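# Residue-level structural notes
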Amino acid sequence: MTTINDIARRVEEADSARSARRTKAAQLVGELAHERVEVVQRLADIDQQIGDAIVGNGDVIAVDELARFTGVSAADLAQILNSRKHSRGRRKKITAGSPPGRMGLDRKPEVPEPHKLADSAEDDSSALKEIGTP
């Protein structure tokens, strides 16, 4: 008959082989995923450089000409150009005559309070006339 210690040993042996395979699989996937991130980043950097070169030289050569000379399709060049990050210009300084921009989170818009009706009968009648009630 199998003892409790034999059962524990068998389970441990089976689990250790499986655990070793799981560890190797996780390490391989992790290494490849990190390598992929680096390659994708490098590709994005190259695409940015290509896009910058196209834009920077757009006054002397068009995308169609670049495609013809380089053998890279115009569609591929256009896709690279459209996916590149645009450089941001400087923000304009707000002057006194400028329209208001975004409001701060702690500020509330200025909304005039509705007119409060007085208790006098004259005010009540004028208010009723304004809303169309005789």
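This one's a predicted model, so the numbers in the text were calculated from it and none came from an experiment.

Close contact between helix 2 (residues 63–70) and helix 3 (residues 74–83) brings their axes to 8 Å; oriented N to C, the two are set at 125°. By the angle class used here, helix 2 and helix 3 are oblique. Note that helix 2 runs across helix 3; the crossing there is right-handed. Packed against helix 2, whose contacting residues are Val63, Asp64, Leu66 and Ala67, the element helix 3 presents Ala74, Leu77 and Leu81 at the interface. Of the residues that constitute the contact of helix 2 with helix 3, the class distribution is six nonpolar, no polar and one charged.

To continue, consider the side chain of Arg84. Along the polypeptide, Arg84 turns up in the loop between helix 3 and helix 4 (121–130). Side-chain polar atoms of Arg84 contact the side chain of Asp52, separated by 2.9 Å. If near-sequence neighbours (up to four positions away) are discounted, Arg84 is found in contact with Gln48, Gly51, Asp52 and Val55.

To continue, consider the pattern of salt bridges. Considering all chains together, one arrives at three salt bridges under this definition. In this structure, Glu13 and Arg9 form a salt bridge, with 3.2 Å as the shortest nitrogen-oxygen distance. With a gap of four residues between them, Glu13 and Arg9 both fall in helix 1 (residues 4–56), about one helical turn apart. In this structure Glu13 comes out as partly exposed when scored by relative accessible area, which is 45%. For Arg9, a relative accessible area of 40% translates into the label partly exposed. Three or more residues joined by partner-sharing salt bridges are found here, namely Asp6, Arg9 and Glu13.

Cut-off values and rules
Residues numbered from 1 in each chain as written. Predicted model: local features only at pLDDT ≥ 70, side-chain atom pairs only at ≥ 80, totals over all residues. Heavy atoms only, no water. Axes fitted to C-alpha atoms, helices over the stretch in contact; angles between N-to-C directions. Helix = DSSP H or I, 4+ residues; strand = E, 2+ residues; numbered from the N terminus. Parallel < 35°, antiparallel > 145°, perpendicular 65-115°, else oblique. Left-handed = near helix turned anticlockwise from the far one by under 90°. Contact = heavy atoms within 4.5 Å. Nonpolar A, V, L, I, M, F, W, Y, C, P; charged D, E, K, R; others polar. Polar contact = N/O pair within 3.5 Å; in protein donor to acceptor, adjacent residues only side chain to side chain. Salt bridge = Lys/Arg side-chain N within 4 Å of Asp/Glu carboxyl O. Buried < 20%, exposed > 50% of the residue type's maximum accessible area, 1.4 Å probe, protein only.

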